[in-house]
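Close look at the chain arrangement
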Amino acid sequence: MQTVLITGAASGIGRDTAHLFASAGWQCVLVDRNAQALEKVVRSLPAHGSATHLPRVIDLTDRQQMASLAQGTPALDAIVNNAGMTEPSTLPLIEQTPEQLQRLLALNLSAPAAVVDACSGLLHPGARVVNVSSGAGLAAIPWRGAYSPSKAGLIAQTMALAQARPDLCVTVLAPGFVRTELVESLIQSGRLVPEGAVAKIPLGRMAAPAEMARALFFLASAGAWPFRGQILALNGGSSISGASRPYAPTTIDTLPLDWPVKLDVRGDNAELWGTWAETSARPVGSEGVTSYEACLDVSALSAPAGGLLQAVHLAATRFAGRHDQQASLTVLLPSRAATRWQDAGDAAAARMLVSTLACEWGALALRINAVEVPEGIDPSQLHPLLAYVCGPAAQYLTGQTLICQGAASGPAA
Ligand code: NAI
């Protein structure tokens, strides 16, 4: 049995994440300052074997309370630093007091570091630390006080932790809009207009908390090791879109996140990259769409120098010829430096082609992502990552290039 510590587990993303881990047989240490809500979550979790889930009522911004976090906490396989808050007032930044700024920074930026410090001695070698930042850490959201600065700081802090602790698998999730209590309260108070938010999202919808839970579950698993030190921007494509026209709300329902996947692998050595689909195959559902159609195209790995953009375009054209809606294309790109400067724009052009296609395809729930892989990597190391990116659990992921590393240092998955 593996053990995970999740902060902010009494509500929203944290609560769904706790349910997913518990359903998968993990022991959960759940931290929140809201005792009543936390107790309710713990009581509702499925239990496996003899280990029980542990509620820890702690204010993560209170130094004295934090001193007790490690006491009685078992050895950990993963930490999910999820607790966070937005600024309750709509005051412009220059009218905010240092105390107001500090309140957000204490929870969103300092607390994740304090949790890792407090639990450092409890982490197994190769353990995963996942921080929950926000799209607001990638692009500024005004009139939310220090929210964007605190989340940008958390992304940078995550990268620094990944460098400082190469024995751990440290990653950061940057969610777009998720329909949680936090977002509902912004909508109720008129501070967030859902139609306006959705108009900037190529996939034409906000995410469900369960979609973030799936991402956190993947990032907290041993299979995330090749993705260490990276950011997962899970936002329906909003961070990669520069469109000047609004996107229409989608009319396509999201499929269940554990729907069976039907995988089609294209390119040289296809069988090496796609074997995970056989092992994860389950009986096909009975009504409506029977499987989530996914294509993994590895042909760009054998593209000639300067030929990446053309290879991705060909893969996209093939894919679009076979799928008219709700499917995913994942292209593998080689991560190698161009040998001639004249070819140096090709990889960036290929990555931007992926983003541009995602913007054009979003209304049809057709997703496209790239995974950049080091030369000579054993394909089996990437199977968990590919299963997540290609499959229905990642239905909110589009337009991204995910950078992978080999097993260079630290424990392999
Ligand atoms: P939420 O407000 O539903 O849940 C936050 C939880 O953190 C609550 O249970 C709350 O009691 C707990 N908490 C707050 N302050 C605490 C403290 N000082 N000590 C201990 N626990 C504390 O929030 P939601 O929406 O689930 O967000 C989770 C994370 O995801 C946050 O870090 C948020 O910034 C981030 N996020 C959320 C997005 C969204 O659209 N909902 C978008 C992008 C990021």
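Above this text sits the structure in question.
What comes next concerns the included structure. Each chain has its residues counted from 1, following the order in which its sequence is written. Side-chain atom pairs in this predicted model are given and counted only at pLDDT of 80 or more, local residue features only at pLDDT of at least 70, and totals for whole chains, interfaces and linings cover all residues. With hydrogens and water set aside, each side-chain value is computed from the structure's full complement of heavy atoms.

1. Side note on the overall build of the chain
Looking only at helices and strands, one finds twelve helices and twelve strands in the chain. Each radius of gyration is computed over the set of C-alpha atoms, and the globule rule expresses the reference value as 2.2 Å times the number of residues to the power 0.38. A compact globule built from 413 residues would reach a C-alpha radius of gyration of about 22 Å, and the chain, at 21 Å, matches this within 12%. C-alpha atoms of the chain, sized along the principal axes, occupy 60 × 50 × 50 Å. Taken across its 413 residues, the chain has 51% of its residues classed as buried. Taking the intrachain contacts of the chain between residues at least 6 apart in sequence as the baseline, contacts between residues at least 24 apart amount to 77%. The method behind every accessible area is Shrake-Rupley, applied with a 1.4 Å probe, and residues are considered shielded solely by the protein chains displayed. Here the chain has roughly 17700 Å² of accessible surface; of this, 56% comes from carbon and sulfur atoms. The way it works is that DSSP assigns letters per residue, a run of H or I at least four long becomes a helix, a run of E at least two long becomes a strand, and they are numbered from the N terminus. Relative accessibility thresholds used throughout: buried, under 20% of the residue-type maximum; exposed, over 50%; partly exposed, between the two (1.4 Å probe, protein chains only). Note on contacts: a residue pair qualifies if any of its non-hydrogen atoms lie within 4.5 Å across the two residues.

2. What to know about empty space enclosed by the protein
Here a cavity means grid points, on a 1 Å grid over the protein atoms only, where a 1.4 Å probe fits yet cannot get out; a pocket means an open set of points with protein on both sides within 12 Å along at least five of seven lines; lining residues are those with an atom within 4 Å of a point. Grid points are joined across faces, edges and corners, and a volume is the space filled by probe spheres set on the points. Summed over the entire model, instances satisfying the criterion amount to two cavities of 30 Å³ or more. Here the largest cavity defines a volume of roughly 100 Å³. If you go around the largest cavity, the residues you meet are L203, R205, T250, I252, D253, T254, Y292, Q326, A365, R367 and Q395. Lining the second largest cavity are T7, L60, N81, N82, A83, L107, A111 and P112. For the lining of the second largest cavity, the leading source of residues is helix 4 (residues 98–119), giving three residues. Of the residues belonging to the lining of the second largest cavity, the class tally is five nonpolar, three polar and no charged. Residues are sorted three ways: Asp, Glu, Lys and Arg are charged, Ala, Val, Leu, Ile, Met, Phe, Trp, Tyr, Cys and Pro are nonpolar, and all the rest, Gly among them, are polar.

3. Points about the site of the ligand
Only a single heavy atom is needed: when it lies within 4 Å of a molecule or strand, its residue is near that molecule or strand. If you check the shell around the ligand, you find 29 residues, and the closest are S11, D32, Y147, V178 and T180. Any N or O atom pair separated by 3.5 Å or less is treated as a polar contact, with the protein-specific requirement of one donor-capable and one acceptor-capable atom, and with residues adjacent in sequence counted only for side-chain atom pairs. Take D59: an N or O atom from its side chain is 2.9 Å from a nitrogen atom of the ligand. With respect to the ligand, the side chain of Y147 contributes an N or O atom lying 2.7 Å from an oxygen atom. Relative to its free-state accessible area of 820 Å², the ligand is covered by the protein chains to the extent of 93%. Elements represented by at least two residues in the shell around the ligand include exactly helix 1 (12–23), helix 5 (147–164) and helix 6 (181–188). No other element matches the three residues that helix 6 contributes to the shell around the ligand. Classifying every residue of the shell around the ligand gives 13 nonpolar, eleven polar and five charged.

4. What to know about the sheet that holds strand 6 (residues 169–175)
Pairing is parallel across the open sheet formed by seven strands, whose spatial order is 3-2-1-4-5-6-7. At either margin of the open sheet sits one strand with a lone partner, and together these are strand 3 (54–57) and strand 7 (231–234). Sheet twist, expressed as the mean angle between neighbouring strand axes with direction ignored, is 15°. Strands are labelled as partners when DSSP assigns at least two bridges between them. Pairing geometry for strand 1 (residues 3–7) and strand 2 (residues 27–32), over five bridges, is parallel. Along strand 2, the bridge assignment pairs I6 with L30. Axis lines are fitted through C-alpha atoms, for helices just across the contact stretch, and the angle between N-to-C directions can take any value from 0 to 180 degrees.

5. Let's talk about the pairing of strand 10 (residues 327–334)
Burial runs high along strand 10: eight of the eight residues are buried. Here strand 10 shows a buried face lined by A327, L329, V331 and L333 and a second buried face lined by S328, T330, L332 and P334. With five bridges connecting them, strand 9 (residues 292–297) and strand 10 associate as parallel partners. Looking at strand 10, one finds that D297 is bridged to V331. The parallel pair strand 10 and strand 11 (residues 366–373) is bridged by helix 11 (residues 346–361), and the resulting crossover is right-handed. The handedness rule is simple: strands pointing away from the viewer, and a clockwise path from the first strand over the helix to the second, make the crossover right-handed.

6. With respect to the side chain of T398
Relative to the helices and strands, T398 resides in the loop between helix 12 (383–390) and strand 12 (401–403). For T398, a relative accessible area of 1% puts it in the buried group. A distance of 3.2 Å separates a polar side-chain atom of T398 from the backbone nitrogen of I368. Setting aside anything within four residues of it in sequence, one finds T398 in contact with L203, G236, G237, I240, A358, L366, R367, I368 and N369.

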